[in-house]
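# Structural characterization, general
Letter by letter, the chains look like this.
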Amino acid sequence: MKLIAALTVGFLVAGCEDAYSASATSDLTSELSNVTLVAGHSILTGANGMTLYTFDKDSKGKSNCYGGCAGSWPPYLAKAGAKAPAAGFALIKRKDGTMQWAKNGAPLYFWAGDAKPGDTTGDGVGGVWHLAK
């Protein structure tokens, strides 16, 4: 687990989007899990254990996080041919043609400021970023 966390941090330094998109698979079920926080809240995480977030400035089914935003908030990308495993999960098409996972229409993102699995330091950033639940 320490090696995975160290590799994740190393990828963050090298390029945020690559660290997270490289872990995406066509099977969302293996990519998402629920983590119960001490406060009793359940949040979505990627298979790498990193917390997923939503962005208030997105519209339903459409990402508005590109450029520098996507550098800090890497979109949770899916591989070609991916299919949503359950109601509430879907794929949305980004401007560059890549596909991003969404829950209830809200695109999902990682936060470059989270250093290890279980971190939730992106919650509330700018008043517009929130834990995906």
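Figured I'd write up the structure that's included with this text. The model shown is predicted, which means the values in this text are computed figures rather than measured ones. (Residues numbered from 1 in each chain as written. Predicted model: local features only at pLDDT ≥ 70, side-chain atom pairs only at ≥ 80, totals over all residues. Heavy atoms only, no water.)

Attention now moves to unusual backbone geometry. A positive phi angle is found at Asn 104, which is not glycine, with a value near 50°. Inspection of the secondary structure assignment puts Asn 104 in the loop between β6 (99–103) and β7 (106–107). (Helix = DSSP H or I, 4+ residues; strand = E, 2+ residues; numbered from the N terminus.)

Pairing between strand β4 (residues 77–78) and β6: 2 bridges, direction antiparallel. When the sheet's bridge partners are listed, Ala 78 is paired in β6 with Met 99. Bridging between strand β5 (residues 89–93) and β6 involves 5 bridges; their strand directions are antiparallel. By the bridge assignment, Phe 89 is partnered in β6 with Lys 103. Where β5 folds back onto β6 in an antiparallel hairpin, the turn is made up of 5 residues, including Gly 97, whose phi is positive at roughly 90°. Across 2 bridges, β6 lies against β7 in antiparallel orientation. Residue Lys 103 lies in a different strand from β7, and its bridge partner there is Ala 106. (Pairing = 2+ DSSP bridges.)

Moving on: the packing of aromatic side chains. Inspection of the entire model under this criterion finds 6 aromatic pairs. Summarising the aromatic geometry, the rings of Trp 73 and Trp 111 are spaced 4.2 Å apart at their centres and angled 25° between planes, so their arrangement reads as stacked. Here the residue Trp 73 occupies a position in the loop between α4 (68–72) and β4, and Trp 111 occupies one in the loop between β7 and β8 (129–131), the gap between them amounting to 38 residues. Among the residues examined, Trp 111 registers a relative accessible area of 18% and is labelled buried. Geometrically, the ring pair formed by Tyr 109 and Trp 129 is edge-to-face, given 5.1 Å between the ring centres and 90° between the ring planes. Note that Tyr 109 is positioned in the loop between β7 and β8 and Trp 129 in strand β8, a separation of 20 residues in sequence. (Phe/Tyr/Trp six-rings, centres within 6.5 Å; stacked < 30°, edge-to-face > 60°. Buried < 20%, exposed > 50% of the residue type's maximum accessible area, 1.4 Å probe, protein only.)

Attention now goes to the pattern of salt bridges. Applying the stated criterion to the full structure yields 1 salt bridge. A salt bridge links Lys 116 to Asp 119; its shortest N-O distance comes to 2.8 Å. Residue Asp 119 is classed as buried on the basis of its relative accessible area of 13%. (Salt bridge = Lys/Arg side-chain N within 4 Å of Asp/Glu carboxyl O.)

A few words on the state of the cysteines. Defined simply, a disulfide is a covalent bond joining two cysteines at their sulfur atoms. Counted under the stated rule, the structure contains 1 disulfide. A disulfide bridge connects Cys 65 with Cys 69, and the sulfur atoms are separated by 2.0 Å. The sign of the -105° torsion about the S-S bond sets the Cys 65-Cys 69 disulfide as left-handed. Of the residues examined, Cys 69 reaches a relative accessible area of 23% and is grouped as partly exposed. (Disulfide = S-S within 2.5 Å.)

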